[in-house]
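Fold and contact review
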Amino acid sequence: MDMELWYTEKQTPDHGITSKISRTLHHEQTDFQSMDVIETKTFGRMLILDGMVMTTDKDEFVYHEMLTHVGMSTHPNPKKVLVVGGGDGGVIREVLKHPSVEKAVLCEIDGRVIEVSREYFPAIAGALSDERVDIQVADGIQHIEAHKGEYDVILVDSTEPVGPAVGLFQKPFYQGIYEALKPDGIMVAQTESPWFNRELIAQVYQDISGIFPVARLYTASIPTYPSGLWSFTLGSKGKDPLDVEMSQLPELDTKYFQPDLFHALFKLPRFVEGLTQGE
Ligand code: AAT
């Protein structure tokens, strides 16, 4: 009889996602977190940190495109971009699709995430070898403090708010990002599930709208993340994404993001819109 192996992420104390696996490719405890790479029947390879799915071969494009292209398309001329976290390289790959980009800095706290992604996720991590990429293995909070007024766009691709990522969801970090951005700079952060992280989303939205003149919330469908519906929060010192002319958006090689979707993104379902209105 064939052994059946299943992986379950307990996304909340009472609910999870489960997937049949064909094999385990890697397991280690890094200085920061436990890291596993497993091969699943449905979503291909999965990168798991501290028991939580970070990325999978099949649906990674949604998260990486949607964290990247909304802010990058709103900025008129993004040349210097910072990615905080994101050691798998997926956001960097998307950033480099914008021809204006001259330098993309990756600030990932755990160098082992970068090395293991290079080995097991070449289609995601391959862009890390591009000559425009500068890899810094460091805490994003310290990097932000040390680089004032340098960046056009800052993208926060962080783990859930536990361990080293706790500070990445707090107001002083967003204030630091504001200061690390140039005068027309834009930030976007991944901000978890509108089903399971409502207080966090409302708090982050309030913090970002208290710091940046423009704040916008949008969502995307990511089947392997908790609840399948994911949120992103944008803060802009300059342009409002609502004022972006669709016809001016650059033609990008993407699978989820597209110009017609851009404006629809900011029309939120009521239970998500409420999170931006202090409800
Ligand atoms: N694109 C991959 C998706 C991720 S990975 C998030 C990364 O953030 C991890 O590699 C982690 O090591 C890094 N990280 C955590 N804290 C810090 C910090 N303080 N500074 C820099 N990097 C950090 C995230 C997916 C989230 C959603 C999963 N459900």
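Residues numbered from 1 in each chain as written. Predicted model: local features only at pLDDT ≥ 70, side-chain atom pairs only at ≥ 80, totals over all residues. Heavy atoms only, no water.

Before going further, it helps to examine unusual backbone geometry. Positive phi is not limited to glycine here, since Glu-192 has a value of about 70°. If you trace the backbone, Glu-192 turns up in the loop between strand E10 (181-190) and helix H7 (198-211). In this structure, Ser-227 takes a positive phi of about 75° despite not being glycine. Counting through the fold element by element, Ser-227 comes out in the loop between strand E11 (214-221) and strand E12 (229-236). (Helix = DSSP H or I, 4+ residues; strand = E, 2+ residues; numbered from the N terminus.)

A cluster of nonpolar residues, Trp-195, Phe-196 and Phe-271, forms a patch on the protein surface that exposes about 310 Å² of accessible area. Position of Trp-195 relative to the elements: it lies in the loop between E10 and H7. For Trp-195, a relative accessible area of 52% translates into the label exposed. (Patch = residues over 30% accessible without salt bridge, like charges linked within 9 Å, V, L, I, M, F, W, Y side chains within 5 Å. Areas by Shrake-Rupley, 256 points an atom, 1.4 Å probe, with all protein chains shown as cover. Salt bridge = Lys/Arg side-chain N within 4 Å of Asp/Glu carboxyl O. Buried < 20%, exposed > 50% of the residue type's maximum accessible area, 1.4 Å probe, protein only.)

Once the domains are mapped, the protein shows domain 1 (5-54) and domain 2 (60-276). Distance between the C-alpha centres of domain 1 and domain 2: 23 Å. Both faces combined, the contact of domain 1 with domain 2 buries some 1900 Å², and carbon together with sulfur accounts for 69% of it. A per-residue breakdown of the area domain 1 buries against domain 2 is headed by Phe-32, Arg-45 and Met-54, which together make up 26% of the total. Remark: the boundary between domain 1 and domain 2 carries one salt bridge. The tally of links between domain 1 and domain 2 comes to six residue pairs in polar contact (both at pLDDT 80 or more). Elements with a minimum of two residues in the side of domain 1 that touches domain 2: strand E1 (5-12), strand E2 (15-29), strand E3 (34-40), strand E4 (44-49) and strand E5 (52-56). (Domains from an automatic or database assignment. Buried area = accessible area lost by both parts, 1.4 Å probe. Polar contact = N/O pair within 3.5 Å; in protein donor to acceptor, adjacent residues only side chain to side chain.)

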